[in-house]
Amino acid sequence: MNLHIQILLAGIVLAGAWNPANAQGNALELIRVEFWAPQDKAGHWVRIRKDGLSGEELSGEFKTNAWFVDKTGAIVKKPVAYAAGATPRAGACFRILGSGKFCPPASDPGGSAPTDPAPYFVRGVVVDASGQPTGMVFPTKQLTKTGTKKVFEYRAEPATSAFPDQQVQFMEQYRIRWEWSPSGDENGAWTQAGISDNRLYVTHRKPLERTPFFYTCLHLGCTEAHSETNEAAIVAAVQAKFASRCIARVDDAQNNCLKYWGDPFRTRQNRGLEYLLENASGADYEDGRCQEWAEFFQKTLAAQGISGNLVTALAYNPAGTTVGVFDNAVESTYLTRVEQFFGNDLFPTPNHPTNPTNVLLDNGDPVFNLPGSGTRVILHGTKATPVGGGQEELVVISQFFVKNWNFSAGENQFYAVLPAGQPLSIKDANNQQVAIAYGADESGAEAQSNGNPTAHFDDHVLFRHNNQYYDPSYGNGPFPDKDNWVTVSLTGYGSMILYLAPDNARYFLLWVHENADNTNSGIIKFK
Amino acid sequence: MKIIIFAILLFYSNISSAQDTVFHKTENTYESLVIQSGYDHIYLLKHDRKIDTVWVWKYGAYMKIHIFDIVYSRNYHISLNSTGYDIGYSIYEYQMDKWQPLMGGILAFLTDSRNKIDVSILDGDKFRLLEEDGRETILKINFANKTLEPYDK
C-alpha cells in the first residue's frame with residue numbers, strides 16, 4: 001500500500017465516514033439467542049415439555065435456545081419460562097454478516113469476563129411491539145471469540161432487572177434488540193444486529209416441581225392469569241377457562257377442544273395426562289377421564305407454584321361402613337329386585353341366590369365362557385372371600401349417576417341408558433318379553449367438549465384447593481364443600497347392569513336405589 | 001326389499017343431522033360401513049355396490065361404539081367392538097336371504113387394572129386378545145355350537 005492510499009484511508013476514518021456497520025465483512029448478524037436458568041435462583045427456571053407422549057423437552061434443564069437461525073436460514077423459536085422475581089439471563093451468538101458461519105454450542109461462563117475477547121461490544125435492549133425500550137436491558141459486554149474467526153459469543157449475562165414479584169406474565173413476543181459497537185461506550189455509535197423474539201412466560205411463583213411441565217399447562221395458566229399477582233385471582237382465572245369447556249392444546253392449529261369421555265374406549269385405554277394432551281391424529285387422543293382432567297387442572301396450577309390435591313368421590317352405604325360396594329342390606333334389596341324384574345331365565349342358574357357362581361359378573365368372570373347366544377344379564381360386581389375365610393361372596397359395586405337423568409318412576413327401579421322415555425324390551429332366552437325398562441338419559445351435564453358424556457360412575461376425581469372443590473371435567477366449581485358438589489352434580493345412587501339382547505346389541509341399565517337429594521348427600525365420601 | 005333398504009340408508013344419510021362414519025372398510029368385493037346417527041348405529045354391508053344388509057343397534061344417548069374390525073367370512077359377518085366398558089363381538093349369519101344374529105357377547109370387561117387390550121379377528125374364525133403384560137388368548141368361534149373355545153396354536 002503506498003503512502004497516498006494510507007493517508008486517504010486515515011482521512012476517511014478520522015472524518016467518521018467509515019462505519020463498520022455498513023462494511024460487508026465487518027458488520028454483525030444475530031444468529032442465536034439462548035436463555036439460561038438464573039444464577040441466584042435456579043428453581044425459578046421453569047422447564048417445559050412438549051404436549052403428549054413424545055417426552056420431548058422444549059426447554060433444557062438449564063438453557064433454552066429460544067431463537068436461532070438454522071442451517072436452511074429459517075428462524076426457529078422456542079418458549080422460555082421463569083418464575084416471577086427471577087432475573088432472566090440471556091446469551092447470544094453473532095457472525096460476520098454474510099459469512100454463513102454457525103455458532104458452536106453456547107457455554108455458560110458464570111458471569112466471568114471473556115477469555116478471548118473479540119473487538120465487538122454487544123448489548124440487548126428489551127423492546128415492546130412498537131420498538132420502545134421496556135427498561136429491561138442485557139448489559140453491554142465484550143464478545144468472546146469462538147473457534148471460528150467469524151463467529152462471536154455474547155456469553156450469558158443477567159438482565160439489569162428482574163420480573164416483578166408474584167406477577168404472572170405472558171409475552172407472545174419477548175423482543176430483544178441486539179446492538180453492537182466497536183467500543184463499550186454506552187453513548188457511542190450502536191448498530192442493530194437483529195431482533196430476537198420468542199414466547200416468554202412468567203409464573204406466579206417457583207413451580208412445585210423441577211420436572212418439565214406440559215406446554216399447554218404453562219400456557220393456559222400464564223395466558224389466563226396474565227398480570228395477576230394473587231393466588232386466588234390466578235385460580236379463579238384458570239377455573240374460568242375450564243368453565244368455558246373448550247380448551248385446546250397450545251400448538252393445535254385446529255383448536256380442537258379437548259374432550260371428556262369423547263370416545264369411551266380410547267378414553268379408558270389412554271390413561272394419563274400425556275394422552276389427553278397428545279395430538280389427535282385419527283381422533284385417538286385429546287380425550288380423558290376425570291383423572292386426567294383433574295391432573296390437568298392440578299398441573300396448570302402447580303406450574304404457577306400453587307398447590308392442591310386430587311380427591312376421589314365414592315358412593316357409600318348409608319347404613320354401612322363400606323365404600324364403593326353395597327352392604328348386605330342394600331345388596332339383598334337389590335338382588336330381590338333384579339330377580340323380580342328380569343325373572344330367572346336370564347341367569348345361568350334359576351333362582352339365583354347371592355352365591356356369585358349363579359350370576360354373571362363384569363369384574364372377575366372369564367367372560368368368554370359366556371354362552372354365545374341368547375339373552376344375558378351381567379351385574380356390576382365381583383367376588384370376594386369373606387374375612388375369616390369361607391365360600392366366595394358376591395360383592396355388588398355401587399355407582400352414582402351424574403346429571404342429567406329422569407328418574408321420575410321413582411327409587412328401587414330399573415332404567416335404561418337410553419333417551420328419557422324410550423322403551424327397551426327385555427327378552428328372555430325364548431325371545432319373550434319379560435320386562436320393559438324406560439330410558440332415563442337426558443342431555444348433560446355438559447362437560448369438556450362433550451354435551452352428553454358418560455354419566456354413571458364408580459368414582460369421580462376432583463381437585464381441592466384452599467378447602468374448596470373444583471370439578472375440571474365439567475368445568476364446575478368452586479364448591480364450598482362436598483355436599484354442595486353432590487347436590488349440584490348428582491341425580492342418584494345405585495348400580496348398573498349389562499343386558500345382552502337377542503340381536504347382539506348391548507344395553508346398560510341402572511338400578512336406582514335412591515335419588516340424590518339434600519338428605520342423603522352423606523352417601524358420597526371424598527377420599 | 002332393496003328399495004326399502006336404500007330408503008333407510010337415504011333417510012339416515014340425508015335427513016339425520018348428527019351422523020358420523022364410525023367404521024369403513026373395503027375388502028375384496030365387500031364394503032363394511034357403520035354410521036352413528038344420533039342414538040343409532042347402522043350397520044351396512046355392500047357387495048358390488050349393492051347393499052346386502054342393514055340393521056340398527058340403539059345405544060345409550062351418550063355412547064360411542066368403538067369398532068376395531070369387521071370381517072366378512074363365508075356366510076358370517078363378524079364385528080369386534082367396544083363400548084368403553086367392555087370389548088364385545090357380534091356375529092351375523094346369512095340365512096334364508098337375510099342376515100340374522102347368530103351369536104354375540106363379551107370378550108373382556110375393561111377395569112381399572114385391565115384397560116389396555118389389543119384385540120383382532122384372525123382368519124375369519126378366531127378372536128385374539130393381547131393383554132398389556134403380553135399374555136395372549138386365542139378363541140376359536142364354534143359357529144355350530146355358538147360358543148367360543150380356547151385355541152392352542
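Basis of the calculations
Residues numbered from 1 in each chain as written. Chains lettered and ligands numbered in written order. Predicted model: local features only at pLDDT ≥ 70, side-chain atom pairs only at ≥ 80, totals over all residues. Heavy atoms only, no water. Helix = DSSP H or I, 4+ residues; strand = E, 2+ residues; numbered from the N terminus. Buried < 20%, exposed > 50% of the residue type's maximum accessible area, 1.4 Å probe, protein only. Contact = heavy atoms within 4.5 Å. Areas by Shrake-Rupley, 256 points an atom, 1.4 Å probe, with all protein chains shown as cover. Salt bridge = Lys/Arg side-chain N within 4 Å of Asp/Glu carboxyl O. Buried area = accessible area lost by both parts, 1.4 Å probe. Polar contact = N/O pair within 3.5 Å; in protein donor to acceptor, adjacent residues only side chain to side chain. Nonpolar A, V, L, I, M, F, W, Y, C, P; charged D, E, K, R; others polar. Disulfide = S-S within 2.5 Å. Pairing = 2+ DSSP bridges. Axes fitted to C-alpha atoms, helices over the stretch in contact; angles between N-to-C directions. Lys, Arg positive; Asp, Glu negative; His and termini not counted. Expected span 1.5 Å × (residues − 1).

Asks: Would you mind going over the overall build of chain B with me for this structure?
Replies: Secondary structure assignment for chain B yields one helix and 12 strands. Residue burial in chain B is summarised as follows: out of 153 residues, 52% are buried. Sequence separation of 24 or more characterises 30% of the internal contacts of chain B that already satisfy a separation of 6 or more. When the accessible surface of chain B is split by element, carbon and sulfur atoms take 49% of a total near 7,400 Å².

Asks: Just to check I follow, could you spell out the pattern of salt bridges for this structure?
Replies: Oppositely charged side chains may form a pair once their charged atoms are brought near each other. Residue and element names in this part refer to chain A. Under the criterion given, the structure shown has 24 salt bridges over all chains. One salt bridge connects Lys77 with Asp197, and the closest N-O pair in it is separated by 2.8 Å. Residue Lys77 is found in strand E4 (residues 75–77), and its partner Asp197 is found in strand E11 (residues 191–203); the two are separated by 120 residues along the sequence. Owing to a relative accessible area of 44%, Lys77 belongs among the partly exposed residues under this scheme. For Asp197, a relative accessible area of 11% puts it in the buried group. The partner of Glu186 in a salt bridge is Arg123, with the nearest N and O atoms 2.8 Å apart. With Glu186 in the loop between strand E10 (169–181) and E11 and Arg123 in strand E7 (residues 117–127), the pair connects residues that are 63 residues apart, well separated along the chain. Residues participating in the shared-partner salt-bridge network are Arg123, Arg177, Glu179 and Glu186.

Asks: I tried to follow the interface of chain B and chain A on my own but got confused; where do I start?
Replies: Quoted interface sizes are often the accessible area lost when the parts come together. Each side of the interface is counted separately: chain B has 43 residues, and chain A has 44 residues. Of the roughly 3,600 Å² buried at the junction of chain B and chain A (both faces included), carbon and sulfur atoms supply 55%. At the boundary of chain B with chain A, the tally comes to one salt bridge. In this structure, Arg506(A) and Asp86(B) form a salt bridge, with 3.1 Å as the shortest nitrogen-oxygen distance. Put simply, chain B and chain A have 13 residue pairs in polar contact (both at pLDDT 80 or more) between them. If one sorts the elements of the side of chain B that touches chain A by residue count, strand E8 (residues 98–109) of chain B sits on top with nine residues. Grouping the amino acids of the side of chain B that touches chain A by side-chain chemistry returns 24 nonpolar, 13 polar and six charged.

Asks: Sorry, what's going on with the state of the cysteines here?
Replies: Residue and element names in this part refer to chain A. Per the counting criterion, the structure on display carries two disulfides over all chains. Cys93 shares a disulfide with Cys103; S-S distance 1.9 Å. The sign of the -110° torsion about the S-S bond sets the Cys93-Cys103 disulfide as left-handed. Separated by 10 residues along the polypeptide, Cys93 in strand E6 (residues 89–96) and Cys103 in the loop between E6 and E7 bring together distant segments of the chain.

Asks: Got a minute to help me understand the sheet that holds strand E11 (residues 136–142) of chain B in this structure?
Replies: In a beta sheet, neighbouring strands pair by backbone hydrogen bonds and run either parallel or antiparallel. Residue and element names in this part refer to chain B. Strand order in the open sheet formed by four strands is E9-E10-E11-E12, and the pairing between neighbours is antiparallel. Two strands in the sheet have a free side with no partner beyond their single neighbour: strand E9 (117–122) and strand E12 (147–150). Across this sheet, the average inter-strand angle for adjacent strands is 25°, counted without regard to direction. The pairing of E9 with strand E10 (residues 126–131) spans six bridges and is antiparallel. Paired with Ile117 across the two strands is Glu131, which belongs to E10.

Asks: So what exactly am I meant to see when it comes to the side chain of Asp287(A) here?
Replies: All names here are of chain A. In this structure, Asp287 sits in strand E14 (residues 287–288). Lacking a salt bridge, the buried Asp287 has Lys259 as its closest oppositely charged neighbour, with an N-O distance of 6.4 Å. Side-chain polar atoms of Asp287 contact the backbone nitrogen of Asp263, separated by 2.6 Å. One polar contact links Asp287 to Thr267, side chain to side chain, over a distance of 3.1 Å. If we skip the residues at most four places from it in the chain, Asp287 touches Lys259, Tyr260, Trp261, Gly262, Asp263, Thr267, Tyr275 and Leu276.

Asks: Honestly, helix H2 (residues 215–224) of chain A in this entry has me stumped. Any pointers?
Replies: Every α-helix winds through 3.6 residues per turn, so residues three or four apart in the chain are directed the same way. Counting buried residues along H2(A), eight of its 10 residues qualify, which places the element largely inside the surrounding structure. Within the span of H2(A), buried status applies to Tyr215(A), Thr216(A), Cys217(A), Leu218(A), His219(A), Leu220(A), Gly221(A) and Cys222(A).

Asks: Would you mind showing me how to read unusual backbone geometry here?
Replies: Only a minority of non-glycine residues have a phi that is not negative, and only a minority of peptide bonds are not trans. Residue and element names in this part refer to chain A. Look at the link from Gly444 to Ala445: it is a cis peptide, with omega at -5°. The amide bond that connects Gly477 to the next residue, Pro478, takes the cis arrangement and shows omega of 5°. Unusually for a residue other than glycine, Ser227 sits at a positive phi of about 80°. Structurally, Ser227 can be placed in the loop between H2 and helix H3 (231–243).

Asks: Can you walk me through the pairing of strand E15 (residues 309–315) of chain A in this structure?
Replies: Working note: regular strand, side chains alternate between the two faces of the sheet. All names here are of chain A. As paired elements, E15 and strand E25 (residues 459–465) share six bridges and run antiparallel to each other. What sits directly across from Leu314, in E25, is Asp459. Here three bridges tie E15 to strand E30 (residues 524–526), and the two strands are oriented antiparallel to one another. What sits directly across from Ala313, in E30, is Phe526.

Asks: Please explain helix H6 (residues 290–303) of chain A as it appears in this structure.
Replies: Residues and elements named next belong to chain A. For H6, with 14 residues, the first-to-last C-alpha span of 20 Å sits near the 20 Å given by 1.5 Å per residue. A large share of H6 lies buried, amounting to 11 of its 14 residues. All buried positions along H6 are accounted for by Cys290, Glu292, Trp293, Ala294, Phe296, Phe297, Gln298, Thr300, Leu301, Ala302 and Ala303. Once H6 finishes, Gly305 follows within two positions and takes phi at roughly 80°, a positive value.

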